[in-house]
Amino acid sequence: MKYFILFFALSSTLAQAQISQAHIKDFNFSYQDYRGEGMAAVFSFEPHRGPRTQQKVVVERIFDEFKISLSGVHNEELHLRDAPSIVLNAESMTLKDFNLSFSETFGLQMGSGIFTSSVDQSRFSELHLSCERHQSYKMVKEQMINGCLKKMTMKIGAFSTTSAFINKLMPAVDGRFDVFADSVDIKDFDVNMTNSSFDFVGELKALIIGKIKGKGSVGYSSHDNRLTINLNEVKFGFLNITSQVFDELKKQENDEMKVERPYIYVTIK
């Protein structure tokens, strides 16, 4: 759920930087102890036209703000405020073979990534995501969010996490398992969105193995920057686990996410 939300938070990042077009190729990045460095074979975006090659990227967290320094063909400094908590709370991040295309459409690919915080660690490989861009909206954020609600596909080849949410969900699914798995693995995870309706499917392996799938819909209010996710159904194998999912999500409520079945309300900064 949180990485699904992270994508929508990326739209705010582009909007804050006033980026209307971007192209990043072969970006490798490592972040630890509030500082990270990376290199990109190509790094270009407007309002500065023209290609940039061999750009060095340095990221520093200063209180609740990230300072992003670019050096190479062009030198520039950007500031990211109101970053989503899953980025702000990360103690370390590693990205390999990150590619981004943002013009008439939005496309993102990543070879692998690792996110570690004080409470969990997540690893994924072979991430592919593509969206439409709704040009009828004036603001970049609205173009991205509404475009993706109209048409989006996301595929993750493999994903593993030590997330307490999923580990606590497994015993709730089957009472025979009263211990937590060290990690949960998901393979071939696919999400498809068409006209605000979504479905997802993947193979989950933890204490038990089976196919997980679900469906629902998403709405967005630009007035309060809020996503309203209507999660209709989640199944694990032949078991309907929608109630268990909402029970565990309710325990995870915070300032950014509120749960009131069948809805999940998420504020995008």
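What you are looking at is a predicted structure, and each value in this text was computed from that prediction instead of being measured. (Residues numbered from 1 in each chain as written. Predicted model: local features only at pLDDT ≥ 70, side-chain atom pairs only at ≥ 80, totals over all residues. Heavy atoms only, no water.)

**Student:** Hey, could you go over the overall build of the chain for me, with residue numbers and the actual values?
**Tutor:** When its secondary structure is counted, the chain shows five helices and 16 strands. Counting all 269 residues of the chain, 47% fall into the buried class. In the chain, of all internal contacts separated by at least 6 residues, the share reaching a separation of at least 24 is 48%. By element, 50% of the accessible surface of the chain is carried by carbon and sulfur atoms, the whole surface being about 13,800 Å². (Helix = DSSP H or I, 4+ residues; strand = E, 2+ residues; numbered from the N terminus. Buried < 20%, exposed > 50% of the residue type's maximum accessible area, 1.4 Å probe, protein only. Contact = heavy atoms within 4.5 Å. Areas by Shrake-Rupley, 256 points an atom, 1.4 Å probe, with all protein chains shown as cover.)

**Student:** Give me the lowdown on the environment of Met 39, citing residues and values where you can.
**Tutor:** For Met 39, the location among the structural elements is in strand S2 (residues 35–45). Through-space distance from the C-alpha of Met 39 to that of Ser 71 is 9.8 Å; in sequence the pair is 32 residues apart. When neighbours within four sequence positions are excluded, Met 39 is seen to be in contact with Asp 26, Phe 27, Asn 28, Gln 54, Gln 55 and Lys 56.

**Student:** Explain the pairing of strand S8 (residues 121–132) residue by residue, including any values.
**Tutor:** Two strands pair when backbone bridges link them, and strand S7 (residues 105–116) and S8 are joined in this way by 11 bridges, in the antiparallel orientation. Each residue of the ladder has a partner; that of Ile 114, found in S8, is Arg 123. (Pairing = 2+ DSSP bridges.)

**Student:** Got a sec to walk through the side chain of Glu 142? Specific residues and values, please.
**Tutor:** Tracing the backbone shows Glu 142 in helix H3 (residues 140–150). Setting aside chain neighbours within four positions, we find Glu 142 in contact with Tyr 137, Gly 147, Tyr 220 and Ser 222.

**Student:** Hey, could you go over the side chain of Thr 161 for me, with residue numbers and the actual values?
**Tutor:** Counting through the fold element by element, Thr 161 comes out in strand S9 (residues 151–161). At 3.2 Å, the side chain of Thr 161 and the side chain of Ser 122 are in polar contact. (Polar contact = N/O pair within 3.5 Å; in protein donor to acceptor, adjacent residues only side chain to side chain.)

**Student:** Now, about the packing of aromatic side chains: what can you tell me, with residues and values included?
**Tutor:** Any aromatic ring pair is given by two values, namely how distant the centres are and how the planes are angled relative to each other. This structure, assessed with the given rule, holds nine aromatic pairs. Relative to Phe 106, the ring of Phe 102 lies with its centre 6.0 Å away and its plane at 70°, an arrangement referred to as edge-to-face. Here Phe 106 falls in the buried class, since its relative accessible area comes to 2%. Members of the aromatic cluster, each reached through a chain of ring pairs, are Phe 27, Phe 29, Tyr 31, Phe 66 and Phe 98. (Phe/Tyr/Trp six-rings, centres within 6.5 Å; stacked < 30°, edge-to-face > 60°.)

**Student:** Pulling in residues and values, what's your account of H3?
**Tutor:** H3 sits mainly inside the fold: 10 of its 11 residues count as buried. What H3 keeps buried is the set Val 140, Lys 141, Glu 142, Gln 143, Met 144, Ile 145, Asn 146, Gly 147, Cys 148 and Leu 149.

**Student:** Run through the environment of Gly 202, naming residues and quoting values.
**Tutor:** Mapped onto the elements of the fold, Gly 202 is located in strand S11 (residues 197–205). Relative accessible area serves as the criterion here: at 4%, Gly 202 is assigned to the buried category. With residues up to four places along the chain from it excluded, the contact list for Gly 202 reads Ile 186, Lys 187, Asp 188, Phe 189, Gly 210, Lys 211 and Ile 212.

**Student:** Give a detailed account of the pattern of salt bridges, specifying residues and quantitative values.
**Tutor:** Enumeration over the complete set of coordinates arrives at nine salt bridges. Between Arg 35 and Glu 37 there is a salt bridge whose closest N-O contact spans 2.7 Å. With a relative accessible area of 35%, Glu 37 lands in the partly exposed category. For Arg 61, the salt bridge is made with Asp 64, and the minimal N-O distance between the two is 3.7 Å. Judged by relative accessible area, which is 23%, Arg 61 ranks as partly exposed. Via salt bridges that share partners, Arg 35, Glu 37 and Lys 56 belong to a single interconnected network. (Salt bridge = Lys/Arg side-chain N within 4 Å of Asp/Glu carboxyl O.)

**Student:** An account of the environment of Asp 247 is requested, with residue identities and associated values reported.
**Tutor:** Of note, Asp 247 is situated in helix H5 (residues 242–251). Considering only alpha carbons, one finds Asp 247 and Arg 261, 14 residues apart in sequence, at a separation of 9.2 Å.

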